[in-house]
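Architecture at a glance
Residues per chain, in single letters:
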Amino acid sequence: MSIMDMPLTELTWRLASREITSVEVTRAFMAQEDSIGAFITRCDDALLQAERADRLRAEGDAHPLCGVPVAVKDNICTAGVRTSCASRMLENFVPPYNATAWQRMQQAGCVLLGKTNMDEFGMGSSTENSAFCVTRNPHNTGHVPGGSSGGSAAAVAAGLAPAALGSDTGGSVRQPAAFCGVVGMKPTYGTVSRYGLVAFASSLDTIGPVTSTVADNAMILDVLAGADPLDATSARREHLPMAGQISQGVKGLVIGIPAELLAEGVSADVRHAVESAAHALEAQGARVEEISLPHAQQALPAYYVLSSAEASSNLARYDGVRYGRRAKEYDDLDDLYVRSRSEGFGEEVKRRILLGTYALSAGYYDAYYKTAQQVRQLVKQDFHVAFTRCDALLSPVAATGAWRFGEKTDPTEMYMSDLHTVPASLAGIPALSVPFGKDSRGLPLGVQLMGRPFEERLLYRIGHVLEVIQHG
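To start, this report covers the structure provided alongside it. (Residues numbered from 1 in each chain as written. Predicted model: local features only at pLDDT ≥ 70, side-chain atom pairs only at ≥ 80, totals over all residues. Heavy atoms only, no water.)

Some thoughts on the packing of helix α1 (residues 8-16) against helix α7 (residues 214-224)
Running from amino to carboxyl end, α1 crosses α7 at an angle of 65°, the nearest separation of the two axes being 8 Å. Comparing their axes, α7 and α1 come out roughly perpendicular. Mapping the contact onto sequence places L8, T9 and T12 in α1 and A215, D216, M219 and I220 in α7. Partitioning the contact of α1 with α7 into residue classes produces four nonpolar, two polar and one charged. (Axes fitted to C-alpha atoms, helices over the stretch in contact; angles between N-to-C directions. Helix = DSSP H or I, 4+ residues; strand = E, 2+ residues; numbered from the N terminus. Parallel < 35°, antiparallel > 145°, perpendicular 65-115°, else oblique. Contact = heavy atoms within 4.5 Å. Nonpolar A, V, L, I, M, F, W, Y, C, P; charged D, E, K, R; others polar.)

Some remarks on the packing of helix α9 (residues 296-314) against helix α11 (residues 347-360)
Interaxial distance between α9 and α11 falls to 7 Å at its minimum, and their mutual angle equals 100°. On the basis of the axis angle, α9 is roughly perpendicular to α11. Contact residues: Y304, V305, S308, A309 and S312 in α9; R352, I353, L355, G356, T357, A359 and L360 in α11. Residue composition of the contact of α9 with α11, grouped by class: seven nonpolar, four polar and one charged.

Digging into the sheet that holds strand β3 (residues 111-116)
One open sheet holds the eleven strands; their spatial order is β1-β3-β2-β4-β6-β5-β10-β11-β9-β7-β8, and the pairing between them is mixed. Pairing within the sheet leaves two strands with one partner each, and these edge strands are β1 (39-42) and β8 (287-291). On average, each strand axis in the sheet is inclined to that of its neighbour by 30°, with strand direction left out of account. Two elements, strand β7 (residues 254-258) and β8, share five bridges in a ladder whose sense is parallel. Bridge pairing in β8 places P258 opposite I291. Its contacts with the sheet put helix α4 (residues 100-107) on β2 (69-73), β3, β4 (163-168) and β6 (206-211), and the angle it makes with β2 is roughly 175°. Contacts from helix α5 (residues 150-157) reach β1, β2, β3, β4 and β6, with the element oriented near 155° to β4. (Pairing = 2+ DSSP bridges.)

Rendered as structure tokens:
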């Protein structure tokens, strides 16, 4: 088995036993040609990082992940390494500090291979909205990898990195993971610090791992999770190891399938994948039953109102004065603002800023923003009721598999692709995308597992069962 084909658990074992060194592993991944456009920035000092990791291992008492190379989405701050959010606005921004998530990975001894491509500021579902390049699905380069963490998912799927960090606001880890045939976790809101994650929608943004296996994913989340005094929304609670119960099976668990998420519009391939996953879980001793999330269909418009409103507020800081893109020619201060923002932001970002500003404006606040917040509470209540009957929920990640480039030109059609992922985002609950089956074109599909707040460990248990069945 080549280094690029090894799951993270295998790599860490071989590094710990000194069968291979971090320098060898890192060099192997650096030598891979990025023909799919997964990376925006590559780290020239990755081998120096690997050398330091090998010295730490030689000194003993190193973290299991010490020396493992990883990729990081380009909206997660990395000290001394460009963090552009795939936007002209931050094209030359080099942060002076680390995001807490990357700081914890770095403290574990991980090696940064580079920063991965994404939809600009996380606004998109295909990674077609990057200002710099297009990322292609490694399973079929004529198809999108999903988004907005398309670069992270594609890098792992193509063997360009054994693991990657992504961010998920309304499905941006889960959907590209499904499209690329890898594992993606959106943790409970507050499980992973948002400090150093460039804000899109602050009440929804989460950082989550993308890996090739469920066990690998749990290993990464164990490093990321935990309270952070630098993030006021970080959950102050004891962190329980994620990987400890992964092999306990599903016997006796009750799995609910929300009828609203298998309604009209879901392709026959996706429906078959979800039903096959349900039958597989039943065969392993779980009980599967249909349940209802009555407001699931309303979650999508509520999400786009709320996320765009928060984006409008968060992106107001990019004014051409303090940092980021600054127009070279302007007449006065107002003109500086207009020209800098017009030059720096792409069309999709501008669209959402306008939508969010409108929703927050006088005379429309109650009709849009306030109503969307009320819908959010109803969605949360739906999940609360569902979890009184069920231990976890099973649904599609998206209505179809990966689509072809340029296939979705209508923004509303693109937004509809988030229908199955945004309910968990609004509720702040954990959700895991696990590869399961392929569509009629041979492209990978994923199924989504959703659980009660802070029950990521249970989702990993269920996902591991599906993974074992999938691989025979």
